[in-house]
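Secondary and tertiary structure notes
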Amino acid sequence: MARERVGGANRRRFGLASVREAALLPVLVLLLVVGAFVNGRFLSSANLIDILGASSALALVVLAESLILISGKFDLSLESTVGLAPAVGVLLVASQADRGWGVHVPVWLGFLCILLTGAIVGAINGTLVVKLRLNAFIVTLAMLIVLRGLLVGVTKGNTLFSVPDAYLYLGAQTAAGVPVSVWLAIAIFIAAGVLLGHHRLGRAIYAIGGNRQAARAAGINVDAISFGVFVAGGVLASLAGLILAGRLGAVSANQGNGMIFTVFAAAVIGGVSLEGGKGTVLGAATGVLLLGVVDNLLTLAQVQTFWIQAIYGVIILLALALARVTSGREE
Amino acid sequence: MMQPVAQAIDVNKRYGSTAALDAVTFAIAPGETHALVGRNGAGKSTLVSLLTGLQQPDSGTILFDGEPAPPYGDRAAWRSRVACVYQHSMIVPHFTVAENIFLNRYPRRRGGGIAWNQLRERARALMDEWHIGLDVEARASALSVEERQLIEIVRALSFGARFVILDEPTAHLESAAIARLFAHLRSLKDAGVTMLFISHHLQEVYDVCDTVTVLRDGKRICTSAVSTLGKDALIEAMTGETAEPVAQTATFDRKASPVVLDARDVRGGCVQGVSLALRTGELVGLAGIGGSGTDDIARAIAGLAPQMRGEITVDGRTVDPAVVRSAIEAGVGFVPRDRHEEGLVLGLSVAENATMTIDDLLGRFGFIESRKRDAVARELMTRLDIVASGAQQPVGELSGGNQQKTVLARALARRPKVLVLVHPTAGVDVKSKETLLQDVQRARESGTAVLIVSDEVEDLRPCDRVYVIFGGRIVAEIPAGWHENELVAQIEGVSA
């Protein structure tokens, strides 16, 4: 099959595929222009920084999902980790009067426990999906429900307001006028981009997602890396949870609820393939920003919140159609 | 005189420039069990696809019972004439035997529902008619492989066909199951079913068939009663007459070279204790039909066979049959059987695929310096003459031959002491085949020990010696200078 496709037709497809990486940038620019007309405040630096700040938590979860998708797997439970991990961190630190567990763990240890919670969830997913070879969709769907239930259980359905100040730092503080969470997200995205593009671990993730068996035959430790990606995904999601808690100053019992749809939308719009082996950090970031800008625009244009979901859905469909046209393949 | 059940008259079929079938004429008499044999690429599959109406001959006629075959595309008419049982099961595992037999032809109740009672009764009636004692309510997944094949045969008969083509039915069976299948085949034959039997195991031809037709290079070589055709004559017909011994170009001095690959008592799967040793610069063949265990042995050496045991060392370093990295670090390069399955990541570039086994050597702290990687890749591409628009071209866009060479590049990138290739020339064109074997030859001249797993005589020809595996054991070790007939007889397990 490959033989017939070598040559003109194929090169064209390849050319378009690289256009695909940048295809969203013009759309983004277009949206910014439209935005300027819709509302004069849209292009103000305060508003743009606002968009970035509002997107940073989502960005980390999208990065987590992208890593897992590129490795050829799937994780729906990330959204539950976004809620559960910071909740655990708060409960460990807060007194019983503040609805905590009253164990008064030091704040720094509580912070580590937030990341550890994400790592443990990732490790459980990794064990079930990679080691026991269970279907990732079903496992992580079940995990999503279990963790959601745990969050409601440990918070007894209440919102936790006694978030320690140290936890608020990431989400609520700014440095050089930009939220710390944005700096953090940028740093992590750059690190992930370097890792994926220029480190053997990153290249191994692409190889595994592209063809697990070929990767194994080339000496790549497929199971260990695949497992590690789930753990890394969990940690990133817990960090995103901490940022969200910081922004809101509280952890509600439904933090992260429904977020996974937006996460998948951003990843897919950004060109991350659901079949594995394809996608870039830059693409994922563009996907996040696109949705962030749209969200902001809809708000500024005072579109009633009832309609936002439907408009979101249409945008996702348009992005998929765009991907189909430019790459010639279904995502 | 009775008309032949099926007849091919002067049929031709070409694929591009190669003639898959060249003026083949042959006939199958009613009630006989007719064997169709030939080496890979002889034209057996093409003939089967013409006889079952899956393809049209370029010219020539197919007749059933003396009448012209149904028009191309009329599947129902073809099915009532001829049925084919393939080596890959066409059974839905979670359905019952009865459901599988009448798949998508279920008897209906009024209102459109399926008449389950009637379905079971009809299935039972068929089982009784053909003396096959299968429980029609059993799930197909609970049955053995040969029982599932019986379902397929019964399904074929239920269409009204009395002529059944069995395409390598025993390829995935063990000997006890083969015996049971054969017992059923004999009773079907007694009931008047005509069969065309395709097999790689020549012994089976002698066990169940009346007549045998030999194809070679798309031509019918002979048709003869099995009882009058000796095994030597049969093999000679399959291979063509190569009276003179194979010329051996490179003279390999065994004594001057140390043993580099030492595999002892490799077992597991169907392999029952195989030991072999290769010296530096030696080119050795490992020959055997599918299922003989050659694949498992090769994969054990490459660290890709968790089910295998054995003491394998390369230049003194131990290889764990279940750990790929141990093999790669000991110095084993591996070219797997199926390049799409295990050889390549099609979406990644030629450079990345070719350097995948040395990703730890391309930079510090695990980082990959793309300049270093591309330099290594370009050197490999030049050495192996890989044609691509550049090192960055995705390997999925290359031709089959160039893809296969990329797999070879991946294996050679680490300068292996032992190179193991499994069916390296399968699915590549003649020209690429030639250059590929030249590349292997060059690797061997530079001191790499090469093990080629194949059942293709062409691949084995340059070998210094050939181990022949049959039924999981080494049955022969043949030094260079063998006759093709002799080798094929050993491979097919029919040597005297």
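Residues numbered from 1 in each chain as written. Chains lettered and ligands numbered in written order. Predicted model: local features only at pLDDT ≥ 70, side-chain atom pairs only at ≥ 80, totals over all residues. Heavy atoms only, no water.

1. Some thoughts on the overall build of chain A
As a reminder, the rule being used: Only DSSP runs of H or I covering at least 4 residues are called helices, and only runs of E covering at least 2 are called strands; the numbering of each starts at the N terminus. As defined in this context, the radius of gyration uses C-alpha atoms, and a globule is described by 2.2 Å times the residue total to the power 0.38. Two residues qualify as a contact provided that any one of their heavy atoms is within 4.5 Å of a heavy atom in the partner residue. Each accessible area value is a Shrake-Rupley result obtained with a 1.4 Å probe; residue values ignore everything except the protein chains displayed when judging cover. Under this rule, positive means Lys or Arg and negative means Asp or Glu; His and the chain ends count for nothing. A charge is said to be at NZ when it belongs to Lys, at CZ for Arg, at CG for Asp and at CD for Glu.
Along its length, chain A carries 15 helices and two strands. A globule of 331 residues ought to have a C-alpha radius of gyration of about 20 Å, and chain A, at 20 Å, matches this closely. For chain A, the C-alpha atoms occupy an extent of roughly 70 × 55 × 35 Å along the three principal directions. Pairs at least 24 residues apart make up 74% of the contacts formed inside chain A by residues separated by at least 6 positions. Surface exposure of chain A reaches about 14,500 Å², of which carbon and sulfur atoms provide 69%. Charge-centre separation for chain A: the mean point of 21 positive side chains lies 9 Å from the mean point of 13 negative side chains.

2. A closer look at the pattern of salt bridges
Residues and elements named next belong to chain B. Heads up, the condition is: Salt bridges are identified by distance alone: a Lys or Arg side-chain nitrogen within 4 Å of an Asp or Glu carboxyl oxygen.
Following the criterion strictly, the structure yields 26 salt bridges over all chains and no others. With its nearest N and O atoms 3.3 Å apart, the salt bridge here joins R383 to E379. Here R383 pairs with E379, and both are found in helix α13 (residues 370–384), just four residues apart, close to one helical turn. Connected through salt bridges with shared partners, the residues R325, E329, D360 and R414 form a single ionic network.

3. Some thoughts on the side chain of R325 of chain B
Our working definition: A simple rule labels every residue: compare its accessible area, found with a 1.4 Å probe on the protein chains alone, to the largest value its type can have, and call it buried under 20%, exposed over 50%, or partly exposed in between. Polar contact is the term for a pair of N or O atoms within 3.5 Å; when the atoms are in protein, one must be able to donate a hydrogen and the other to accept it, and sequence-neighboring residues count only if both atoms are side-chain atoms.
Here R325 of chain B shows up in helix α10 (residues 324–330). Owing to a relative accessible area of 17%, R325 of chain B belongs among the buried residues under this scheme. Polar contacts involving the side chain of R325 of chain B include one to the main-chain carbonyl oxygen of G219 of chain A, which spans 3.0 Å. Setting aside anything within four residues of it in sequence, one finds R325 of chain B in contact with R200, A218, G219 and I220 of chain A together with T357, D359, D360 and R414 of chain B.

4. What to know about the nonpolar core
What counts here: The definition of a nonpolar core used throughout is a set of buried Ala, Val, Leu, Ile, Met, Phe, Trp, Tyr and Cys residues joined through side-chain atoms within 4.5 Å.
One finds L60, V62 and I220 of chain A to be the most contacted residues of the largest nonpolar core, which totals 101 residues. It is helix α4 (residues 45–70) of chain A that provides the largest number of residues to this core, a total of 13 residues. Ranked by size, the runner-up nonpolar core spans 95 residues in total, among them L234, V440, A443 and L460 of chain B.

5. Structural notes on empty space enclosed by the protein
Quick note on the threshold: For each structure, a 1 Å grid was placed over the protein atoms alone; sets of points admitting a 1.4 Å probe that cannot get out are labelled cavities, open sets with protein on both sides within 12 Å along at least five of seven lines are labelled pockets, and lining residues have an atom within 4 Å of a point. Grid points are joined across faces, edges and corners, and a volume is the space filled by probe spheres set on the points. In the scheme used here, Gly and all other residues not listed as nonpolar or charged are polar, with Ala, Val, Leu, Ile, Met, Phe, Trp, Tyr, Cys and Pro taken as nonpolar and Asp, Glu, Lys and Arg as charged.
Counted according to the given criterion, the structure contains three cavities of 30 Å³ or more. The space that makes up the largest cavity amounts to roughly 120 Å³. Lining the largest cavity are 14 residues, with I328, V332, G333, F334 and T357 of chain B sitting closest to its centre. Among the elements of the structure, α10, β16 (332–335) and α14 (400–412) of chain B are those that each provide at least two residues to the lining of the largest cavity. Considered class by class, the residues forming the lining of the largest cavity number nine nonpolar, three polar and two charged. Reported here for the second largest cavity is a volume of approximately 100 Å³. If you tally residues by element for the lining of the second largest cavity, the top one is helix α10 (residues 200–210) of chain A, at four residues. Each residue belonging to the lining of the second largest cavity can be placed in one class, and the counts come to seven nonpolar, one polar and five charged.

6. Quick notes on helix α9 (residues 180–198) of chain A
Cut-off, in case you're wondering: To estimate the expected span of a helix, subtract one from its residue number and multiply by 1.5 Å.
For α9 of chain A, which comprises 19 residues, the first-to-last C-alpha distance of 27 Å matches the rise-based estimate of 27 Å (1.5 Å per residue) to within 8%. Turning to α9 of chain A, its buried residues number three or more, namely V180, S181, V182, A185, I188, F189, A192 and L196 of chain A.

7. Description of the sheet that holds strand β2 (residues 18–28) of chain B
Residue and element names in this part refer to chain B. Cut-off, in case you're wondering: DSSP-based pairing: two strands are paired if at least 2 bridges between them are found. Here, axes are lines fitted to C-alpha atoms. For helices the fit covers the stretch in contact, and angles between N-to-C directions go from 0 to 180 degrees.
On the basis of which strands lie adjacent, the open sheet formed by four strands has the order β2-β1-β4-β5 and antiparallel pairing. Looking at strand neighbours, the two that pair on one side only are β2 and β5 (67–68), the edges of this open sheet. Sheet topology places strand β4 (residues 59–64) next to β5; two bridges connect them, and they run antiparallel. Directly across from F64, in β5, lies its bridge partner E67. Those strands touched by helix α1 (residues 44–51) are β1 (6–15), β2 and β4, and its axis lies near 60 degrees from that of β2.

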